[in-house]
Amino acid sequence: MIAMPHLARKTGTLLTPLLLGGLMLGAAALGLSAMAKDAAANPLGLAQNGSGGLEVESDNGIEWRRNEQILIARGNAVAKRGSSRVDADELQALYRDRDGSSEIYRIIAVGNVKLSSDTDVAVGDRAVYDIDEAVVVLTGDNLKYSTPNETLTARDSLEYWETERVAVARGDAVAVSEDRTLRGDVLTARFEAGSDGANELRRIDGQGNVNIRTATEFVVGDQGVYDAKTGIATLIGSVKITRGENQLNGDRAVVDLNTGISRLTADGNGDGKTRVRGLLVPQKDENNSPADAGTGN
């Protein structure tokens, strides 16, 4: 099982009414309540990235439903703060009363959703941004999260945990890091802050039907971990390494994607009950085949 990131609670977002064209639109500008001053800038992080209010714009106006405590912006709606922004056909901001102020705790984006920063982009049909937990979940078709060096896609959902700098792809997940491709039912990409605050890939954890393709081999297993710093991937559980027509089966494989060298082992208990097994198919030498030997050529 992959351990999910710790859920750190966040201070919410305050509504700051702004008078536009003689109408009081509660969502025209959204000011942030006090955040930790040492919070590092985080790609896709509306709750942390930059300073100042959360600004909302739209082509077709903003609807304020006071009884339901929701604000709805329609038509090329945009919410932005610092270098982070959310674009969608419609944005909904859910708020609550706290200490005499109105506090936004969730943003829902619907239709042609795009979350972006100076470096990262995530797209989908629908996104739910939980400000309390600092996590956004995207669903729909063609889900994709891209950094300058990595691309993560999924069929069912994409999650980004802002505080932990973790992206989770669920369902036919694919991670491409430079010229390396990892696949699995669920992939969890863990990043760390680079010198400029941008995300740098640290590792990828895979669960279910994990596979890695190199220039010469195809490696599959039940679970896997890819260390982006060393370029080494470790797969465990029903591991198979296929190279051409040759196949090796074992319990654990260590694949060095820098050197192209793979090492396959059994469970290592030494009792002889589990062994590495393989099917090696000799290459045919068409210039010196048995048929040629029979003819004397």
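Here, every reference points to the structure presented above.
For clarity, every value in this text was computed on a predicted model and none was experimentally measured.

Undergrad: Account for the overall build of the protein chain, with residues named and values stated.
TA: Of the regular secondary structure elements, the protein chain holds 1 helix and 22 strands. Across the 297 residues in the protein chain, those meeting the buried criterion constitute 44%. A fraction of 39% describes how many contacts in the protein chain between residues 6 or more apart in sequence connect residues 24 or more apart. Only carbon and sulfur atoms are counted for the fraction: they give 47% of the accessible area of the protein chain, which is about 15700 Å².

Undergrad: Before we move on, can you summarise the pairing of strand 11 (residues 135-139) with the specific residues and values?
TA: As defined by bridge partners, strand 10 (residues 121-130) adjoins strand 11 across 5 bridges and the pair is classed as antiparallel. Bridge pairing in strand 11 places Val-128 opposite Val-137. Hairpin connection, strand 10 to strand 11: the antiparallel pair is bridged by 4 residues, and Ala-134 has positive phi, about 55 degrees. Two elements, strand 11 and strand 14 (residues 157-161), share 4 bridges in a ladder whose sense is antiparallel.

Undergrad: Any chance you could break down the pattern of salt bridges for me, citing the residues and the numbers?
TA: In this structure the tally under the stated criterion is 18 salt bridges. Between Arg-155 and Asp-156 there is a salt bridge whose closest N-O contact spans 2.8 Å. Of the residues examined, Asp-156 reaches a relative accessible area of 38% and is grouped as partly exposed. With a closest N to O distance of 2.9 Å, Asp-172 and Arg-155 form a salt bridge. With Asp-172 in strand 15 (residues 166-177) and Arg-155 in the loop between strand 13 (150-154) and strand 14, the pair connects residues that are 17 residues apart, well separated along the chain. Looking at Asp-172, the relative accessible area reads 49%, which means it is partly exposed. With a relative accessible area of 49%, Arg-155 lands in the partly exposed category. Where salt bridges share partners, they join Glu-63, Arg-65, Glu-68, Arg-74 and Glu-90 into one cluster.

Undergrad: Can you tell me about the environment of Lys-229, naming the residues and giving the values?
TA: Along the polypeptide, Lys-229 turns up in the loop between strand 18 (218-227) and strand 19 (232-243). Sequence spacing of Lys-229 and Arg-202 is 27 residues, and the spatial spacing of their C-alpha atoms is 6.4 Å. Dropping the residues within four chain positions of it, Lys-229 is found in contact with Glu-192, Glu-200, Leu-201 and Arg-202. Among the polar contacts made by the side chain of Lys-229, one reaches the side chain of Glu-192 at a distance of 3.1 Å.

Undergrad: Provide a residue-level description of unusual backbone geometry, including the pertinent values.
TA: Unusually for a residue other than glycine, Asn-76 sits at a positive phi of about 50 degrees. If you trace the backbone, Asn-76 turns up in strand 7 (residues 70-81). Of note, the phi angle at Asn-209 is positive, near 50 degrees, even though the residue is not glycine. When you line up the elements, Asn-209 lands in strand 17 (residues 199-213).

Undergrad: Can you tell me about the nonpolar core, naming the residues and giving the values?
TA: Residues Leu-91, Leu-115, Leu-138, Tyr-145, Leu-152 and Leu-158 are the most contacted members of the largest nonpolar core, which totals 53 residues. Both domains that furnish three or more residues to this core are identified here as domain 1 (43-142) and domain 2 (143-282). Residues contacting Leu-91, with those up to four places away along its chain left out, are Leu-71, Ile-72, Ala-73, Ala-77, Val-78, Ala-79, Val-86, Ile-107, Ile-108 and Ala-109.

Undergrad: Explain the packing of aromatic side chains to me, and be specific about the residues and the numbers.
TA: All told, the structure shown has 2 aromatic pairs when counted by the stated rule. Centre to centre, the rings of Tyr-145 and Phe-191 are 6.1 Å apart; their planes meet at 85 degrees, and the pair counts as edge-to-face. You can see Tyr-145 sitting in strand 12 (residues 143-146) and its partner Phe-191 sitting in strand 16 (residues 180-193), a full 46 residues away along the chain. Here Tyr-145 falls in the buried class, since its relative accessible area comes to 4%. Of the aromatic side chains, those joined through ring pairs into one cluster are Tyr-145, Tyr-160 and Phe-191. Geometry around Trp-64 places Arg-66 over its ring, the cationic atom sitting 4.3 Å from the centre.

Undergrad: Break down the layout of surface pockets for me, citing the residues and quoting the values.
TA: Considering only enclosed or pocket space, the largest pocket measures out at about 270 Å³ in volume. Lining of the largest pocket is provided by 16 residues; of these, Asn-149, Glu-150, Glu-178, Glu-200 and Leu-201 occupy positions nearest its centre. Per-element tally for the lining of the largest pocket: the top contributor is strand 17, with 3 residues. By residue class, the composition of the lining of the largest pocket is 5 nonpolar, 5 polar and 6 charged.

What counts and what doesn't
- Along each chain, residue indices are assigned from 1 in the same order as the chain's sequence is written.
- Owing to the predicted nature of the model, reporting of local features is limited to residues with pLDDT of at least 70; listing and counting of side-chain atom pairs is limited to 80 or more, with chain, interface and lining totals taken over all residues.
- Here the side-chain values reflect all heavy atoms present in the structure, with hydrogen atoms and water set aside.
- We count a stretch as a helix when DSSP gives it H or I for four or more residues in a row; a strand needs E for two or more, and each element gets its number in order from the N terminus.
- Exposure is judged per residue with a 1.4 Å probe applied to protein chains only, and the accessible area is read against the type maximum: over 50% gives exposed, under 20% gives buried, and values in between give partly exposed.
- We call two residues in contact whenever any of their non-hydrogen atoms come within 4.5 Å of each other.
- Working definition of accessibility: Shrake-Rupley area with a 1.4 Å probe, residue cover restricted to the visible protein chains.
- Think of it this way: DSSP has to see at least two bridges between two strands before they count as a pair.
- A pair is scored as a salt bridge if a Lys or Arg side-chain nitrogen falls within 4 Å of a carboxyl oxygen belonging to Asp or Glu.
- Within 3.5 Å is the distance limit for a polar contact, defined as a pair of N or O atoms, with the added protein rule that one can donate a hydrogen and the other accept it, and that residues adjacent in sequence qualify only through two side-chain atoms.
- Buried residues of nine kinds, namely Ala, Val, Leu, Ile, Met, Phe, Trp, Tyr and Cys, make up a nonpolar core once their side-chain atoms join them within 4.5 Å.
- Domain extents, as shown, originate in an automatic or database domain assignment.
- Pairs were defined over the aromatic rings of Phe, Tyr and Trp, the Trp ring being its six-membered one, requiring ring centres within 6.5 Å. Orientation was assigned from the angle between planes: stacked under 30 degrees, edge-to-face over 60, tilted for the rest.
- Look at NZ for Lys and CZ for Arg. If either is within 6 Å of the ring centre and within 35 degrees of the ring normal, a charge sits over the ring.
- Only protein atoms enter the 1 Å grid used here. Points where a 1.4 Å probe fits but cannot escape make up a cavity, open sets with protein on both sides within 12 Å along at least five of seven lines make up a pocket, and a residue lines them when an atom lies within 4 Å of a point.
- Grid points are joined across faces, edges and corners, and a volume is the space filled by probe spheres set on the points.
- Think of it as three bins: nonpolar holds Ala, Val, Leu, Ile, Met, Phe, Trp, Tyr, Cys and Pro, charged holds Asp, Glu, Lys and Arg, and polar takes everything else, Gly as well.

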